[in-house]
Amino acid sequence: MLMKKFSLISVLVLSFISPLWAQYEEKDYQLHPIIGAWFGVIAPFPGTELAPILNTALGGGAFFRLNVPSDSFLVETGASYYNLQSNFTGQLTMVPGYVALVYKLPVDFALSFYFKGGAGSGYFANKPEGNGGFLPVFYGGFETAFPAGKVVNIGARFDYYMIYETWMKPQAGYKMINGHFFNIAIMVNFNTNP
């Protein structure tokens, strides 16, 4: 039984890696690092527990993206900063970071389309309560961009952050809530090896 499972997993891994290796063998593989930044709005997801408590806020972030031996898959890491004011007296400072696998839709079109998924960690602080610390972050996103020359791309990105707080032991008088946030931003990135 164990041998069958191992064989099945081996076949699946090889079938996934083979096209990547074939692309690597067919042409001289080159790294194409991309550095980018975005600026936009973030808000709690409608219908979640934080939606009636926190207001929409402006924020921004930066990312670094690197291709793997494939035309369709890339790896991205990024971080951002947001300060959301409360409808009451408090505020939430968010500094989430993530690492994501990026899938570039293989279409021959002026616009590029990217789907992203990953995880990371971030620093979160509630004021004036004084609760702060690092929490796990799950990340998903969609991005579209068009070239504005050989080096610069301009586009829009739509990000989703799930702040995973309920894994921790609750503090006295504090309810643990998983935060769900979405970000809509204008983005610019630079191809460092055009």
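All figures in this text were calculated on a predicted structure; none of them were measured in a lab. (Residues numbered from 1 in each chain as written. Predicted model: local features only at pLDDT ≥ 70, side-chain atom pairs only at ≥ 80, totals over all residues. Heavy atoms only, no water.)

A.B. asks: Now, about a nonpolar patch on the surface: what can you tell me, with residues and values included?
C.D. replies: A cluster of nonpolar side chains, Phe39, Val41, Leu58, Phe158 and Ile184, forms an exposed patch at the surface whose accessible area comes to about 450 Å². Relative to the helices and strands, Phe39 is located in strand S1 (residues 34-44). (Patch = residues over 30% accessible without salt bridge, like charges linked within 9 Å, V, L, I, M, F, W, Y side chains within 5 Å. Areas by Shrake-Rupley, 256 points an atom, 1.4 Å probe, with all protein chains shown as cover. Salt bridge = Lys/Arg side-chain N within 4 Å of Asp/Glu carboxyl O. Helix = DSSP H or I, 4+ residues; strand = E, 2+ residues; numbered from the N terminus.)

A.B. asks: How would you summarise the sheet that holds strand S5 (residues 112-127) if you had to cite specific residues and measurements?
C.D. replies: Around the barrel, eight strands lie side by side as S1-S2-S3-S4-S5-S6-S7-S8; this closed barrel has antiparallel pairing. Averaged over all adjacent pairs, the angle separating strand axes in this sheet is 25 degrees, with direction ignored. Sheet topology note: the strand S3 (residues 73-85)/strand S4 (residues 91-104) ladder contains 11 bridges and is antiparallel. Within S4, the position partnered with Leu74 by the bridge is Val102. (Pairing = 2+ DSSP bridges. Axes fitted to C-alpha atoms, helices over the stretch in contact; angles between N-to-C directions.)

A.B. asks: Account for the pattern of salt bridges, naming residues and giving values.
C.D. replies: Pairs can form between side chains of opposite charge whenever their charged atoms are close. Under the counting rule described, the total for this entry stands at seven salt bridges. For Glu143, the salt bridge goes to Arg65, with nearest N and O atoms at 2.7 Å. One end of the pair, Glu143, is in strand S6 (residues 132-147); the other, Arg65, is in strand S2 (residues 57-67), with 78 residues separating them in the sequence. In this structure, the salt-bridge partner of Arg157 is Asp159, at a minimum N-O distance of 2.8 Å. Note on accessibility: Arg157 and Asp159 belong to one class, buried. One network of salt bridges, with partners in common, ties together Arg65, Glu76, Lys116, Glu143, Arg157 and Asp159. (Buried < 20%, exposed > 50% of the residue type's maximum accessible area, 1.4 Å probe, protein only.)

Treat this as a map of the structure, not an account of what it does.
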